[in-house]
Amino acid sequence: MKRIIIRSLSFSIILLVLFNIVSEILKKPKNSQWDTSGLEYTNKYPGLFDVVFSGTSITIMNVSSEELYTEYGIAAVTLGEPEQPMFLTYYTLLEALNYQSPKVVFLDINSLFYSESMLRNKINDYEHYYLHFSLDSIRNPIIKYEAFQAAKELKPDLDIFNYFSSIYYNHSNWEELGKTNFIRKSGKQVMNGYFMSFTIAEGLAKLRDSIDIDYAENVNEEELLDFNKTYLMKIVELCKEKNVQLVFLRGGGIDTALTSEKYNTINKIAIDNDIPFIDMLQHDKEMGFDWRFDASDGNHFNIMGAKKWTDYLGDYLINNYRFEDRRDDSRYKFLEEEVDRYQNALAVMQTKIDLLSAINFEQYLNALKAVDTSKNTIFISVSDDASKNLSKKDCDKLSELGLTYNLMDKFRYSYLAVLDNHTSRDLLEDCGVTLDGELDNGSRYQLSSGGYSSGVLASIRVDGLELIQGGRGINIVVYNKEYGEVLSSVYFDTFLYENPPTMRRINVDIVQEQYETSANVWSSVDDVLVQD
Amino acid sequence: MTFLSGIFFAFLLITFIIYFIVPLRLRWIVLLAASVVFYLSSGVPQILFILLSSLLVYGAARWIDVLYTRQDRELKEGEFSREEKKARKLSDRKKCRRILNAAVLLLLLVLTYCKIGGWVIGSLRDALGEGTVDWMQVIVPLGVSYYTFSLISYLADVYWRKEKAEKNYFKFTLFVIYFPKILQGPISRHKNLAAQLTEGHAFEYKRVCYGLQLALWGYFKKLVIADRLAVFVNRVFGNYMAYSGLIFVVATLLASVQLYADFSGCMDIASGVSQIFGIELEKNFDHPFFARSAAEFWRRWHITLGTWFKDYVYMPLVVSPRVSRIAQRVKKMFGARTGKAMMTIIPTGIVWVLTGLWHGTGYNYIAWGLYWGGIIIFSTVFAPEIRKLTAFLRINTETSGWKVFQMVRTFLLFSVGRLITIPGHLRTTLDVLEKIGEQFDIWILFDGSLYNYGLNQKNFILVMITLFILWAVSMLQERGCLRDKIAGQNIVFRWAIYYIAFFSVLIFGMYGAGFNNAVFAYMQY
């Protein structure tokens, strides 16, 4: 009998170990964009965080915990999942406060106004996706079960095994097994629960001007759904119980701007419970938020926008509460180690903004000259002809970049160039030319150029994906090697009898979006014409 | 609760622990309680049906038994002439037959109600209009076809004095409701199962391991093979108007394997689970695709249903004076061979029509029964001609090539039969047959077109691998007990097999979100 027991136990232990390994391997890697998992940090570094940000994707993308550490010495963590309803925010916060005793919790109130049908639809939609994000990060089985039961109030037929057995949910991922299933890495753009966006959404400045934020004119309130209000009040009670200062935050962009009624509702709850309430749109000018370059869409900010908004919140925290400076504390090594990466990311963003700010060939070449080719690669490809209207000044500027060949008088020639790691590699021929190679980050590039008599084409591909429109003249792509970001994709028609030449800027964010989805770039290119 | 629901595993673990904790003599009570809980999960009215049915049969059998016992005692003790004894026996026999007939009739009425009740209500609703009979609902007890046949066989055996009636109603109920076999059979005989259920079994490590292995193999067949193939089959036949040509042939062949993997998978789970408790269920499958003739196929497929029909329908018909009279009449009119053939045609024809009706009440099931009855009658009646033809063509029937040909032929015959029932209606089957002839393009097998019917390339590769495993395991099982062979291996190899099998089911099984495999194909009967 003893032998049987030992044998059974050994078998079961091995089975459990294998079960865990297989479960981990089969876990679908989250889309890198949302692989934030702030709860992992709260569990991994117990008692170390002074500030917690909790809520939806607005929290994930708009507040930079690294900025708070770098500039203010405050240790913060971002908890949040895309479009996370208030009840799940409550349970993730409940889990986090089991490990942390922060001084301040910022609560993103964006999800407070979800209607019942919206909540139901979200749970339906989330069955295979977002609901998992929240529930999978909760480790405490009791909290997880309560959260699941709350979700069941909205969708009674939820299958518990889907949420409590990883392999049950993920087993069919065997069809998509890849390297990422075996080597788990946080997304490059993820930092302590914060997601760094490099996207720039244009055209928001005018929209911002059209939004009225003078809430005082209207005294009406919007009624809250009981379900949402219940969980909001649970958060309020939880924070009181844990002796944490709760702050309501409306930190999204212009798409989620509050109506007067909504503002009044939330403001009343805030006043009744002695909770500060900060609305970003009431302070954007004060913080120097530039709606031309700082937002990545109507709701979310890019790294530059997040920096400005976080600096505003940092000032608020320093002015209202006392925090120890964590920058020399060895326990916060994990934050210190990220500083360089964060600064580098800011530099990447600045390069992108500089290139985007250029409005003609000369300005663009000046911005291009400032690009650090140890971190970025510049690709050039000519289609049709690039020389007919190219001035000597333009040629000199191009030469200053380090190019070997001069395009002057090279009528209808094919031309390719790669500027990488402070060196150049270029080809000039009167027949079609191609060039390929590998970058430091392992990405492969393939360039093609065809002059007027050699096919009239230009192509710049990285990892098989076309990054340019291939317009007549000089096509230029600036590619960041660390983040795989296309910082700029433009072409200048240097054939036309115009001086300076016409610049056609391709909306790099659309190109980037296509890059993520590997779809046909040119099916939806936004061709922005900028004429000086 | 089914064998595929997560709660079943918790239920099984709890039952297992309690069963081996309580004293041996009380263990049958644990099984009874567990079976009631299992059955209750399908609904309270459903359990009332089965409990009342078992009470009816229990009472009828006891009554018959009492009559026989009294008759035996009185005939033994009293002074009776031979004629008086004969008359007394005949009189008691008549009484017993009336009891038997009444009980069987009631059981069949319930079965008929369950089988066609839905259709009747649907027809009434169509005739009288929406809302008129919506209050009526057909309650279909779990495994009604299986336990009804088990009850009839028990009652008939008591009537024929093949066994004594069970005196303890609860023990009898356990035989009826025993949870591993209630979903899909096997159609157990009381004399084979009852004693095993009530005697109590000590824990035996080897037996538990064997049971778990068999159940695991059953899950593999059901979740990895059958449910994967079902995606393809359902896509093709669920939208048959959109397709044509060879795809129906492929889907039909795969549907045959799917049904086998589904049904035999469930049987393996049932038998494996039962073995854990030390109880051996009757074998229901014996690698039917290795059968070389239709008759052999049905001796290997759903064995307990086949033997039930043989023992309780076919044999009584063969010895029936009416059938004999018809055969004699035919003999006089058409000769001796035709008269003899009638002794095959009538019972076999009736058995196969009833077998068809057991599977379903549509015309397609009657056609299916006639199809199989026709094949078996033909092969039996014309067996001498077939033998002569084989000899004339100088076919060596002992070569493996001929054997493989026969197996393939049997499989194809089964697939044609499957085509009669899969589409759901006879009219649809005819439509499908017509569409097979349209745009018959063999290249769909090679140009990737097959990947457009719910299974992508990776899944198709997996199907091929698992079908090979199914074939290989079946071959090994055919040659002896595979589990004995595995048990003879060293521990590393043995455990590796267990882990691979377990994780294969876990990873490649079709379950969880997006899959609706809570039922087995044969659960509907």
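Residues numbered from 1 in each chain as written. Chains lettered and ligands numbered in written order. Predicted model: local features only at pLDDT ≥ 70, side-chain atom pairs only at ≥ 80, totals over all residues. Heavy atoms only, no water.

### Focus on the overall build of chain B
Line of reasoning, step 1. Broken down by element type, chain B carries 21 helices and 0 strands.
Line of reasoning, step 2. Taken over C-alpha atoms, the radius of gyration comes to 25 Å for chain B, in line with the 24 Å a tight globule of 525 residues would show.
Line of reasoning, step 3. In terms of its C-alpha atoms, chain B occupies a principal-axis envelope of roughly 85 × 70 × 60 Å.
Line of reasoning, step 4. Out of the 525 residues in chain B, the part that is buried amounts to 50%.
Line of reasoning, step 5. Taking the contacts inside chain B whose residues are at least 6 apart along the sequence as the reference set, 77% of them involve residues at least 24 apart.
Line of reasoning, step 6. Here chain B has roughly 25600 Å² of accessible surface; of this, 65% comes from carbon and sulfur atoms.
Line of reasoning, step 7. Across chain B, the 57 positively charged side chains and the 33 negatively charged ones have centroids separated by 6 Å. (Helix = DSSP H or I, 4+ residues; strand = E, 2+ residues; numbered from the N terminus. Rg over C-alpha atoms; globule rule 2.2 N^0.38 Å. Buried < 20%, exposed > 50% of the residue type's maximum accessible area, 1.4 Å probe, protein only. Contact = heavy atoms within 4.5 Å. Areas by Shrake-Rupley, 256 points an atom, 1.4 Å probe, with all protein chains shown as cover. Lys, Arg positive; Asp, Glu negative; His and termini not counted. Charge placed at Lys NZ, Arg CZ, Asp CG, Glu CD.)

### Some remarks on the overall build of chain A
Line of reasoning, step 1. Across its full length, chain A carries 20 helices and 18 strands.
Line of reasoning, step 2. Looking at chain A as a whole, 57% of its 532 residues are labelled buried.
Line of reasoning, step 3. Surface accessibility of chain A: about 22600 Å² in total, with carbon and sulfur atoms responsible for 49%.

### A look at the nonpolar core
Line of reasoning, step 1. One finds Phe232(B) and Trp301(B) to be the most contacted residues of the largest nonpolar core, which totals 148 residues.
Line of reasoning, step 2. Per element, the largest residue contribution to this core is 17 residues, and it comes from helix 10 (residues 246-276) of chain B.
Line of reasoning, step 3. If you look at the next biggest cluster of nonpolar residues, it comprises 61 residues, including Tyr215(A), Leu258(A), Ala270(A) and Leu335(A). (Core = buried A, V, L, I, M, F, W, Y, C linked by side-chain atoms within 4.5 Å.)

### Remarks on the interface of chain B and chain A
Line of reasoning, step 1. At the junction of the two partners, chain B supplies 22 residues and chain A supplies 21 residues.
Line of reasoning, step 2. Between chain B and chain A, a total of about 2000 Å² is buried, with carbon and sulfur atoms accounting for 75% of that surface.
Line of reasoning, step 3. Among the residues chain B hides against chain A, the three largest losses belong to Tyr205(B), Tyr499(B) and Ile507(B). Together they make up 28% of the total.
Line of reasoning, step 4. Remark: the boundary between chain B and chain A carries 0 salt bridges.
Line of reasoning, step 5. For the interface between chain B and chain A, the tally reads 7 residue pairs in polar contact (both at pLDDT 80 or more).
Line of reasoning, step 6. Looking at the side of chain B that touches chain A, the element that brings in the most residues is helix 21 (residues 491-508) of chain B, giving 10 residues.
Line of reasoning, step 7. Across the side of chain B that touches chain A, the residue classes tally to 14 nonpolar, 5 polar and 3 charged. (Buried area = accessible area lost by both parts, 1.4 Å probe. Salt bridge = Lys/Arg side-chain N within 4 Å of Asp/Glu carboxyl O. Polar contact = N/O pair within 3.5 Å; in protein donor to acceptor, adjacent residues only side chain to side chain. Nonpolar A, V, L, I, M, F, W, Y, C, P; charged D, E, K, R; others polar.)

### Considering the domain arrangement of chain B
Residue and element names in this part refer to chain B.
Line of reasoning, step 1. What the domain assignment reports for chain B is domain 1 (6-203), domain 2 (204-281 + 440-525) and domain 3 (292-424).
Line of reasoning, step 2. Counting the surface lost from both domain 1 and domain 3, the interface buries some 1100 Å², and carbon and sulfur atoms represent 64% of this.
Line of reasoning, step 3. Of all residues in domain 1, the largest losses of buried area upon contact with domain 3 belong to Phe-149, Ile-187 and Arg-189, amounting jointly to 46% of the total for that side.
Line of reasoning, step 4. Our enumeration of links across domain 1 and domain 3 arrives at 1 salt bridge.
Line of reasoning, step 5. Here Arg-189 and Asp-311 are joined by a salt bridge, their closest N and O atoms 3.0 Å apart.
Line of reasoning, step 6. Joining domain 1 to domain 3, the criterion identifies 6 residue pairs in polar contact (both at pLDDT 80 or more).
Line of reasoning, step 7. Secondary structure elements with two or more residues in the side of domain 1 that touches domain 3: helix 4 (82-128) and helix 5 (144-159).
Line of reasoning, step 8. Sort the elements by how many residues they give to the side of domain 1 that touches domain 3 and helix 5 lands first, with 7 residues.
Line of reasoning, step 9. Counted by class, the side of domain 1 that touches domain 3 contains 8 nonpolar, 2 polar and 3 charged residues. (Domains from an automatic or database assignment.)

### What to know about a nonpolar patch on the surface
Line of reasoning, step 1. On the surface, Met1(A), Ile5(A), Leu9(A), Ile13(A), Val17(A), Ile21(A) and Phe203(B) cluster together to form a nonpolar patch covering roughly 670 Å² of accessible area.
Line of reasoning, step 2. Inspection of the secondary structure puts Met1(A) in the segment before helix 1 (2-26). (Patch = residues over 30% accessible without salt bridge, like charges linked within 9 Å, V, L, I, M, F, W, Y side chains within 5 Å.)

### Comments concerning helix 5 (residues 86-96) of chain A
Three- or four-residue spacings in an α-helix give side chains the same orientation, since the helix completes a turn every 3.6 residues.
Line of reasoning, step 1. For helix 5 of chain A, a buried count of 11 out of 11 residues is recorded, marking the element as mostly surrounded by other parts of the structure.
Line of reasoning, step 2. Turning to helix 5 of chain A, its buried residues number three or more, namely Met86(A), Phe87(A), Leu88(A), Thr89(A), Tyr90(A), Tyr91(A), Thr92(A), Leu93(A), Leu94(A), Glu95(A) and Ala96(A).

### Focus on the pattern of salt bridges
Line of reasoning, step 1. Taken as a whole, this structure holds 40 salt bridges over all chains when the rule is applied.
Line of reasoning, step 2. Note that Arg161(B) and Asp72(B) form a salt bridge whose closest N and O atoms lie 2.4 Å from each other. A residue pair is termed long-range when its members are at least 10 positions apart, and Arg161(B) in the loop between helix 5 and helix 6 (169-177) and Asp72(B) in helix 3 (residues 44-77) qualify at 89 residues.
Line of reasoning, step 3. On the basis of relative accessible area, Arg161(B) is assigned to the partly exposed category, the value being 40%.
Line of reasoning, step 4. Overall, Asp72(B) belongs to the partly exposed group, its relative accessible area being 34%.
Line of reasoning, step 5. One salt-bridge network, held together by shared partners, links Asp50(A), Glu324(A) and Arg326(A).

### Quick word on the packing of helix 14 (residues 336-359) of chain B against helix 15 (residues 363-381) of chain B
Describing two packed helices takes the angle between their axes plus the distance from one axis to the other.
Residues and elements named next belong to chain B.
Line of reasoning, step 1. Relative orientation of the contacting elements helix 14 and helix 15 amounts to 150 degrees, with a least axis distance of 8 Å. One finds that helix 14 runs roughly antiparallel with respect to helix 15. Crossing geometry of helix 14 relative to helix 15 is assigned as right-handed. Note on element contacts: helix 15 touches helix 14 through Tyr-365, Ile-366, Trp-368, Gly-369, Leu-370, Trp-372, Gly-373, Ile-376, Ile-377, Thr-380 and Val-381, opposite Arg-337, Ala-341, Thr-344, Ile-345, Thr-348, Gly-349, Trp-352, Val-353, Thr-355, Gly-356, Leu-357 and His-359.
Line of reasoning, step 2. Residue composition of the contact of helix 14 with helix 15, grouped by class: 13 nonpolar, 9 polar and 1 charged. (Axes fitted to C-alpha atoms, helices over the stretch in contact; angles between N-to-C directions. Parallel < 35°, antiparallel > 145°, perpendicular 65-115°, else oblique. Left-handed = near helix turned anticlockwise from the far one by under 90°.)

### Considering the pairing of strand 13 (residues 457-462) of chain A
All names here are of chain A.
Line of reasoning, step 1. Across 6 bridges, the pairing between strand 12 (residues 444-451) and strand 13 is antiparallel. The partner of Tyr-445 across the bridge, within strand 13, is Val-462.
Line of reasoning, step 2. In this antiparallel pair of consecutive strands, strand 12 and strand 13, the connection spans 5 residues, and Gly-455 shows a positive phi of 110 degrees.
Line of reasoning, step 3. Bridging between strand 13 and strand 14 (residues 465-466) involves 2 bridges; their strand directions are antiparallel. Each residue of the ladder has a partner; that of Val-462, found in strand 14, is Leu-465.
Line of reasoning, step 4. Hairpin connection between strand 13 and strand 14: a loop of 2 residues separates the two successive antiparallel strands, and Asp-463 in this loop has a positive phi of roughly 50 degrees. (Pairing = 2+ DSSP bridges.)

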